[in-house]
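Working through the structure, step by step
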Amino acid sequence: MSNLDVKPAPTVCGGREDVSAEPVRELLTARTVTLGESTQVRRLLPNLGRRMVGAWCFVDHYGPDDIARESGMQVPPHPHMGLQTVSWLHDGEVLHRDSLGSLQTVRPRELGLMTSGRAISHSEESPRDHPRLLHGAQLWVALPEADRNTAPAFEHHADLPVVTGGGGLHATVIMGELDGAVSPGTTHTPLVGADLALAAGTDTRLPIRPDFEYAALTMSGEAEVDGVRLAPGSMLYLGCGRRDLAIRADVDSGLMLLGGEPFDEKIVMWWNFVGRSNDDIAQARSDWMSGSRFGDVRGYDGAPLPAPELPATPLKPRGRAR
Ligand code: MN
């Protein structure tokens, strides 16, 4: 999906100063963002109180929306740089097209993983004949300096490893590794993204890594993570230093667990780009608007998205020490 904010706020993030080395329970609420004409999404990252969790730098949760009488998701061709997009559905279908020529329908609990590297463009749409409900999450992973100019790629993985903890937990490993199970999706920093399906009555402890920072967000139902009850549309930042995580649910619930090694590098995030400087971002914007670098998406019925205006004040990534 694209960041469709008309006036996207530039965000400088990364670095260790906001990372909690100890376990914490920091409850973050979503900001409601309207995309296009009517679709509302809950933006959990970047958040006023928290910008990244490991290399995860953007998280939108949308739906469940009844789109039986609507066209559903219609995101025209737009560019990306310096990141991976992770598309994850609980309900519905999304048709992905990109400038590499990929044409792929992504279905519930399948990974659509696009690595932009230096430049890619794509569109995402609900197919003309689509299921009634659309419900999912759109996440971005920042690429480290060594890989941010890598060649663009698209992967689709329909068969993902599952961890069945005792006590009603069914975890699908979307990215990275969880309790010994490894996703086939390509990663560039040590991280994990997992979908946790909790049957009513779940009461368990999930093994996690003390060197990762983590956050859990609610997709559906009402789960309790480390004793904190999470209503839909909220995220709990958990810090580092944990060997396991207590998870409970009285009703059928869905969580996503995001984690990773704290991302040391400072990045600049604006619109659909992750760079290291204001110049990176300005160059990417200008290349997209002039039709160079990002290629063409074929087959989408509509014009590409124009980039918004750059903010008047130049951005600078903050140094690691303040
Ligand atoms: Mn996108």
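Note: the structure precedes this text.
Let me sum up the structure you'll find in this document. (Residues numbered from 1 in each chain as written. Predicted model: local features only at pLDDT ≥ 70, side-chain atom pairs only at ≥ 80, totals over all residues. Heavy atoms only, no water.)

Scanning the entire structure with this criterion turns up seven aromatic pairs. Clustering of aromatic rings is evident, with ring pairs tying together W270, W271, F273, W288 and F294. Over the aromatic face of Y237 sits the side chain of R50, whose NZ or CZ is 3.6 Å from the ring centroid. (Phe/Tyr/Trp six-rings, centres within 6.5 Å; stacked < 30°, edge-to-face > 60°. Lys NZ or Arg CZ within 6 Å of the ring centre and 35° of its normal.)

With that settled, the discussion passes to the pattern of salt bridges. Pairing between side chains of opposite charge can happen when the charged atoms of each approach one another. Taken as a whole and judged by the stated rule, the model has 22 salt bridges. Across the pair D244 and R205 runs a salt bridge, and its minimum N-O distance is 3.1 Å. Of this pair, D244 sits in strand β23 (residues 244-249) while R205 sits in strand β18 (residues 202-207), placing them 39 residues apart in sequence. For D244, a relative accessible area of 30% corresponds to the partly exposed category. Residue class for R205 comes out exposed when judged on its relative accessible area of 54%. Here D226 and R242 are joined by a salt bridge, their closest N and O atoms 3.0 Å apart. Taken together, the residues span a long stretch of sequence, with D226 in the loop between β20 (223-225) and β21 (228-230) and R242 in the loop between β22 (234-239) and β23 at a distance of 16 residues. Note on R242: relative accessible area 8%, which makes it buried. Counted as one network, the salt bridges with shared partners bring together D203, E222, E224, R229, R248 and D250. (Salt bridge = Lys/Arg side-chain N within 4 Å of Asp/Glu carboxyl O. Helix = DSSP H or I, 4+ residues; strand = E, 2+ residues; numbered from the N terminus. Buried < 20%, exposed > 50% of the residue type's maximum accessible area, 1.4 Å probe, protein only.)

Among the six residues that make up strand β11 (residues 120-125), six are buried, leaving the element largely enclosed by the rest of the structure. Judged by which residues are buried, β11 turns out to be covered on both faces: I120, H122 and E124 on one side and S121, S123 and E125 on the other are all buried. By the bridge criterion, five bridges tie strand β6 (residues 74-80) to β11 in an arrangement that is antiparallel. By the bridge assignment, V75 is partnered in β11 with E124. (Pairing = 2+ DSSP bridges.)

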